Structure formats: C-alpha cells, structure tokens
Amino acid sequence: MNLVEVRSGVYHDSVSLMRVSQALASRAGVSVAIVAMATELNVDLAREAGFDVPPATPGDLLVAVRADSAEELAAASDELGRQLSARASSEGAREIAPPRTTRTAARRAESASVVLVSVPGEHAFAEAMDAVDAGLSVMIFSDNVPVEREVLLKERAEAAGVLVMGPDCGTAVVGGAGLGFANVLRPGPVGIVAASGTGAQQVSSLLDLAGVGVSHLLGVGGRDLSAEVGGRSTLRALEALDQDPATELIVVISKPADPSVAEQVRAAVERSGTPVVMALLGPGQDDLTAATENVLAALGKEVPVWPSWGEASTPGSAGPLVGLYSGGTLCTEAKLIAGGGTFTDFGDDEYTRGRAHPMIDPALRLEALAAVESGVVLMDVVLGHGSDPDPAARLAPALAEAKARGASVVVALVGTEGDPQDLQAQAERLAAAGAAVFTSNAAAARHASILAGLTPATAAAARPAPHAGSGANPGPELALLVSEPHVIAVGTSVLAEALDQQAVPHAVVDWRPPLAGTSDALNRVLADPRRAAANTRAAERLLSARPQLVGVRRAGDVLDLPPGTFFHAGPPIEWERASGPMRGALMGGMLFEGLAASPAEAEEKLATGSIRLDSCHHHRTVGPMAGVVSPSMWMLEVHDAEHGGTAYCSLNEGLGKVLRYGAYGPEVVERLRWMGEVLGPALQAALELGGPLDLRNLIAQALQMGDELHNRNRAATSLLVRELAPAIVDAAPGQAGDVLRFINGNDHFFLNAGMAAAKVSADAARDVPGSSLVVAMARNGTDFGIQISGCGDRWFTGPAGVPDGLYLGQYGPADANPDIGDSTITETVGLGGFSMAAAPAIVRFVGGDVADAVAATTAMYEITLAEHPTYQIPGLGFRGTPVGIDVTLVARTGVLPVVNTGIAGRVAGTGQVGAGLVSPPPEAFVAAANALAGVLTGE
C-alpha cells in the first residue's frame, strides 16, 4: 500500500524531514518512508523506490510511504501529521512572526554578534551578504557555494571589518559558544584558526583530553588557503587572535594549502606577537596529533597517552584498506599517513548536494560499509553538538556485520568527555562491535595501514617551541571576539537546537527557499556592487517626494491623448484579451466621447482596432479599476515639489454603477458630463484661488485617523473637503452646493488624489541603474504587472488573481472579475494593504480582523527597503509604513505584496460586487529578478 502526496507551501529543513522519515520508517509494517522537499534528487529516489510521483517543484513537500496494510498506512499517515504539526508549532509558536531573512533578524536582534548560515549552498550567499551588510561576522556552514562568491563575500567582509568563516565551515567556538559541529571544550589559552572543520575538532578535542582549553576556534572554510581565495579569512583571524588577551598561543590548521598562500600565512605568523604552531597538512608535514603534541610542549604540558579501545588484529593479514570518512581533513590526513588504500570523503560537496552532512545522516556511509566484504575499514566518528546524537546506535550493528564478513574495522573517534553523546560510552559500544577505536586519527590510520600490510608514514619529530614575532601592523579589533555571543541561526534546525542545548542566546530565521527560477538571478543581482547604493538612492527619492495637488485639468489639454485614443489601467492590453469590466469602461468612454451612438457600435469599433489603447502608466497617469481615461475627462494634477515630476489621475465618480467598474449606461455618461462641465472647473477654480494642497501632510494625518488610503479614505476625504470647501464656495458659488454634496456622498473621493500622489512619488525612484525597487504595480483585469527601477519601462506580468473577500448582496466569487486597476500604486508606496494596521475599521470590510491587519502590515517589512518617515502607524508605535518593495526580497522570501481592493463584476456593466485581499502573481517577480540580473551582467 502506497501513500504519495505533494504538498505546496510547506517547508521544513532537510534534517528535520530526515528525522520524520526515520520515525515513520521505524514503525511496524512501514517498509519505505520518504518525507523530503521535492528536489530532483528526492523525486528520483522516490521514483526509484517504485512510487508514482506527480509533478512537483523543489518548494513542495514530497511524502512517499509504503506499508504492508491499509491500517498500517493510515497509522503512519496519522503519525506524519503529528510530526509535521509538532514541528510547525515549535517553529511558529511566537506572538510576532519570526524573521524570514537574516536582514530582518539583524534589524530585530541589535545584540547579535554572529550569523550561522546552514541553508542549501545555492542560497547561502544571500543570507551571508545580509550578515556582512549588517556589520556582523558570519559562519557559513553550507557547502556547494561557488568560489567566486566566497571571494566576493570575504572582500566585502574585509571592508566591513567582520569575519567570514566558510563556506563549508564545519565548526567554530566563539566566547564559549559552539557553532555548527561543536565539541564541548573547556576554556583555555589556545586560539585556533582552521581551514578545516574536523581537523579543528581533532586538535581541540585532543587538547581537551590533555586538560588544555580553547579561547576561540575560528573556522575559515576549507578553500580559504586556496590560490583563488588567498587566505583572506585566515589572515584576518590570525590578526584578531593576536590581539585577543585570552589567547596565549595560536594554532593554524589546514588541509594542503596553495604554496604561495601558505607563504603569506607563514609571513603573517612571523609578524604575530603571539606564538603560533603551524599544522598545514601535506607530505613531510606534521600530522594533527603531532601538531597537538607540539602545542602541549610549547605550553609546558605533559603529553598523555591518547585513549584507545578494542582488541588488536593480526598485522598484515587483513587485505585492502578502505577509508570511509565523514570529515575531509581527517580523510586527507589518513590518506597521507596510510601510504595506500582507497579513501572516500562523504562530506565532500558531491555527496552532500541535496543531502544532510554524513555526521548527521550516515546513510551513504552505511551503504558503502555494507559493500565491504573483506580487508580493513577505516572510519571516523565525530561527536559534539550538531552531530548524530547516538552514532553507535546505527554504526555498531553495521560494524559487527562487517566483522562477521571477515573485515577488520578501525575507528577514529573524535570527541571530548563533555560531549552530549558520551565519549566513553560510544567508544565501548563501537569496541564491543569489534572495532579498534582511537581518539587520534593519526594513530587509527597507522594501525589500519599496518593491518592492511602497508607501511605508514612515520610521525614527525617534536619541533622547537614557537617564538612570538614583532606583532606589527595589527588590524582593527574584531567585534566577534569581544562581545557576548548572540547568534542569528538560519537554516538547519539541528544547529539551532545545539545552541539551545548550550544556552546560547539566539534568534532563528524562518527561512524558506526562494521563488522557483530565481536562485541564479538572485545571486547575480546580490553580487552586483552597485545594488546597495542604487537601492538607497531610489528609496531616498521615493521617501523624499512631496506631492502637492496643484490643479484639475482636461485630459486632452495636458496628456498625449488625441481623439480616438484611450488610456487604461494596468500593463498594455489589446481588446481581444480585455476583461468584461475593461471592455465595459472602454465602451462607456466611446459613448462619452461621441465616438459611438450605441454600446454595440462602440464594441464593434473597439474590436476593429481603429481605437488606440495604451497604459495610463506610460503617460504619467493612473486610473482606479478599469482606469479608462479619454480626452474630455478632467484629471487631478499632482506635482512633486521635491523632484519636479507631475502625475495625473481621473476624478472619482462616486459609488454605484460607474465607469471604473465597467458600467456604461446613460446615467454613467451623464455623470461624466456633469463632472466635466461642473466638478472639474469648480475644483480648478478653487485650487487657483487657494493654492497647492500638501497631499503628503494630508495622507500622514489620514493614516493617524484610521485610513489606509486604498479601500478606506474617509478621513482623507474629510480633510480634503475641509481644505477645499472655503475656496470652492468663493470660486464657484453657484455650483458649490452640488460639488460639496457630491464629494460628501463619496468616502472614496480622495482615493484618486492619493493615487496621483503615489504615482509621482514612485516615479521619482525610476531609472536608477542597478536598483531592484518596484516602482509600479498595476492590473488590467487580465494581467498583473510590475515595473522596477533598474529595468526602465519594461513590464513583468502574470495572471491577475481573483480577490478573496466579502461580496455585496447576492454576488459571490463566481461573479468576480480578476483583479483590476492602477490603485495598487498605493501599496507600491507603502499605503493600502501595507498600512492596514492603521485602519482597524477596514479589515472587516475586506474580510478579517485587527490581528490580520497587523500581521499583513508587519509582513511587508520583510520585503521593503525602508520605513516612511512621514507616513506613520499609531498602532505600531508610530512606526513608519513599510515602503520600497524590493524584488529580490520578494523572490527570496516568497512573501508577496498584500493588496486590499474592490472587486469588479466579471460581466461588463455589472459594477462593484465586493472587496477583499489579493496578492500579485509570483511569476511577475520571477521575471523581474531574472531581467534585472540580465541587465546587470550585460545579457
């Protein structure tokens, strides 16, 4: 019996899901259990196991379970539900939603000193860049990070005065806090710089067994001493430890280093005011145990007999040597010592792509061990926080089986007496299974080599004690070493759990994979050195805009809008693809302009293509809902007093059957004529008499009076009337009564002025090369489109969705048209859905409660670059509204902008049928991110 499911919108890290899979697989009657993200690797594994897997993306959760009976399958399904619910509850049990990016976490956690990144390698660069940009050191546990991005990160870190540890940094200890795979070490005088994870664990564990502690252990990543990376982090870490008063001696550990880089490190060692012991593995160099003994000798400590367990085998009789390692440095050391044999590092990038590290998940090593029929098997078992909580539980039975097949087994057990797995207990269980167990990997390698009939390399003679150099030219102090450890953890949950076990203060990022199809583009955009400055400039221009209502003009007089041309809301669209409301509004415009004598004639002319259609946005204009603008309509004119731009929006028609919702009956046309003959001229006369109206100040007041300036404009309309009424009475006394009654009867009258203010503010941020800031969001009833600052006038679109909300009278979802209108320009500048926390009265109208409104607004801070200095929300402690949507943040988090909007009837002429919430299609942001990457890289 099989259960196969693909669940969208559900994410857990690979280690958590591995544990769920193991829990299900251990149940009676369950033969296969795969619970994993639907990566290509995991889908292939499920299909190879005989499951019929439906189409899925890497952002989906794949469940594939096989049981002997329907009852056992149902019980396994129930257990799966409990496991996932428990993890979701533990991850989400907070009053405030956890941060989705390192950027947000760093803003919240002011005391943070280091970021621990353990997300899949293709996504690690973005989180590490966030850390460096925030002035924090970062440990990148992730592997499979391209070397060019490592170099870029370390260059940026040098300029920022922080340290990048990694990528592929397995361990670090800072101020007593163990990060990654961390042994429990006593504090002491030895500082360690390690371009090696398990090598650092070997040396520090042996020191601990000898009674010597560690001040700090700074991993720098396995490639740091390569020619490409040039030892950037090693040299910085050496300088920092040289200045650290708690460090009396430094050890530098590395796998074989590039010769020229090794010389740079030796030159830095000569300058160090603190004695340094070098442990750079290579032919003729000290092994790690010998290097540790040199450290002990330099400190005047006695070298102990390194503990070992198990019975000896007969030398030279066991056959070929097979090394099955989880630690790359330990594997390299063993291979250098053994003088022969076949060695595999299962922690290498090729084995960890899409899988947990073998120190967490031993499955691949156990498969390899099961294939050994004879000879000598040499393995490492590394203890400590973050590693398998009980490695002997699965390894000991497999070792016993190998022993029964005739193989000899030797284990290098790396750990301390304080490790949570219990070093002594693990050693005894492995020895009881037939293994010879050594705490020295070098000793284990020599023993295995002799068993296999090989001649191992001899241990190097003791070296003289190191001497301190001049200590000249120290670098700037590294804040990481002088502040209390406070960690931001993003990625694998088991590493955050290890911090819990150590009582290390930390914040956890609720990380999710980025939108499908954006990973490469995100890395290219984030790597561009112009991006940060470009976004700062674009955001500053948007925030500093000072929109003022300066006039009301006839569209044909101020816009490029000759007879026979209509502007409309949203991205460009042809009549053939236009929705019902858009068609109805265009037909109404034809009747109003006298271009047709009947709806049928208007529809026929529009269908022939003889009428020119274009987007309002292409002409400094916005229009609500269908957004149709024709030459005879009167437009609000808004000027940006700061940057000089101008934008226009039509006058609001009021409620009921109106053109903007696609109505085109005689009453619609008659109202438009009255607006052109009376309302527009009266407002223009009033503004000429009273002068410009400061819309920025008015919007700020309305926010503090309960508006959000998209679906609720009651306070803003009242403020507008208060400002204009005296001038209307003075300038147009004969029409003042009708004009004021019309405005007073429409709480949404201000919306159009607010839209023009938003448009002129967003336009100020346009055309900044390299900027990923969104400058327009708009819908035409068919497509939802966005534009971004760094890509000019290009539109990036996806299908417009139907809002989820409340409906009027007898209407329901079947009557609704997909989202339509330019009014999302308000959300583009931090109003509307982004400011719902300011408008508790609106949430019931769009479906929801006050908590939903607050949650919607606070979520938008995740995807925006700034907080508005003038537009503030009282309910959030007068915090500025979230403003400046960044397409890269949307792509990284999958958090889409929230929009609250009216709902138009899908049939032309219906009018408004409801109001609700809607999100843009992710396809628009995927396309924008990829286009910006192409622009930046010249593609």
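Up top is the structure.
The structure reproduced in this document is the subject of the present report. Just so we're clear, the structure is a prediction, and the values are computed from it rather than from any experiment.

Quick look at the sheet that holds strand β18 (residues 435-438) now. Read from one edge to the other, the open sheet built from 6 strands follows the order β13-β18-β17-β16-β14-β15, with strand pairing classed as mixed. Edge strands, defined here as strands with exactly one partner in the open sheet, are β13 (308-309) and β15 (342-345). Across 4 bridges, strand β17 (residues 408-414) lies against β18 in parallel orientation. For Ala-412, the partnering residue across the bridge sits in β18 and is Phe-438. Relative to the sheet, helix α14 (residues 391-404) contacts β16 (376-382), β17 and β18, its axis offset from that of β16 by approximately 175°. Sitting on the sheet, helix α15 (residues 423-432) touches β13, β16, β17 and β18, and the angle it makes with β18 is about 155°.

Take Thr-888: it is sitting in helix α31 (residues 887-893). In terms of polar contacts, Thr-888 uses its side chain to reach the side chain of Asp-886, at 2.9 Å. The contacts of Thr-888, once residues within four sequence positions are left out, are Leu-522, Val-525, Leu-526 and Ser-772.

It is worth spelling out unusual backbone geometry at this point. Residue Pro-167 is reached from Gly-166 by a cis peptide bond, and omega for that bond is 5°. Positionally, Pro-167 belongs in the loop between β6 (164-165) and β7 (171-174). Positive phi outside glycine occurs at Ala-503, with the angle close to 60°. Of note, Ala-503 is situated in the loop between α17 (493-501) and β20 (506-509). If you check the backbone angles, Leu-709 has positive phi at about 75° while not being a glycine. The residue Leu-709 is located in the loop between α24 (695-703) and α25 (714-731) in this model.

Grouped together as the largest cluster of nonpolar side chains are 91 residues, with contacts concentrated most on Val-628, Leu-679, Leu-683, Ile-699, Leu-709 and Phe-750. Core analysis: the second largest hydrophobic core is formed by 89 residues, Ala-195, Val-252, Val-295 and Val-382 among them.

Residues of helix α2 (residues 40-48) that are buried include every one of Asn-42, Val-43 and Ala-46, and no others. For α2, the buried positions fall inside an angular range of 100° around the axis, keeping them on one side. Facing away from the buried side of α2 by over 90 degrees, the exposed positions are Glu-40 and Glu-48. Its buried side turned inward, α2 meets β2 (30-37) and β3 (61-67). Directly beyond the C-terminal end of α2, a positive phi value near 95° is found at Gly-50.

Orientation of α24 relative to α25, taken along the N-to-C sense of each, is 135°, at an axis distance of 8 Å. Classified by the angle their axes make, α24 and α25 are oblique. The handedness of the crossing between α24 and α25 is right-handed. In this structure, α24 uses Leu-698, Gln-701 and Ala-702 to contact α25, whose residues at the interface are Ala-715, Ala-716, Leu-719 and Leu-720.

We now examine the pairing of strand β11 (residues 249-254). Counting buried positions over the 6 residues of β11 gives 6, a clear majority of the element. Residues of β11 alternate between two faces, with Leu-249, Val-251 and Ile-253 on one and Ile-250, Val-252 and Ser-254 on the opposite face, all of them buried. The pairing of strand β9 (residues 187-195) with β11 spans 6 bridges and is classified as parallel. Within β11, the position partnered with Ala-194 by the bridge is Ile-253. The sheet contact formed by β11 and strand β12 (residues 276-280) spans 5 bridges and is parallel. Paired with Val-252 across the strands is Met-278, a residue of β12. Taken together, β11, helix α9 (residues 259-271) and β12 form a β-α-β motif whose crossover is right-handed.

Conventions we followed
- Residues numbered from 1 in each chain as written.
- Predicted model: local features only at pLDDT ≥ 70, side-chain atom pairs only at ≥ 80, totals over all residues.
- Heavy atoms only, no water.
- Pairing = 2+ DSSP bridges.
- Helix = DSSP H or I, 4+ residues; strand = E, 2+ residues; numbered from the N terminus.
- Contact = heavy atoms within 4.5 Å.
- Axes fitted to C-alpha atoms, helices over the stretch in contact; angles between N-to-C directions.
- Polar contact = N/O pair within 3.5 Å; in protein donor to acceptor, adjacent residues only side chain to side chain.
- Core = buried A, V, L, I, M, F, W, Y, C linked by side-chain atoms within 4.5 Å.
- Buried < 20%, exposed > 50% of the residue type's maximum accessible area, 1.4 Å probe, protein only.
- Arc of directions from axis to C-beta.
- Parallel < 35°, antiparallel > 145°, perpendicular 65-115°, else oblique.
- Left-handed = near helix turned anticlockwise from the far one by under 90°.
- Right-handed = clockwise from strand over helix to strand, strands pointing away.

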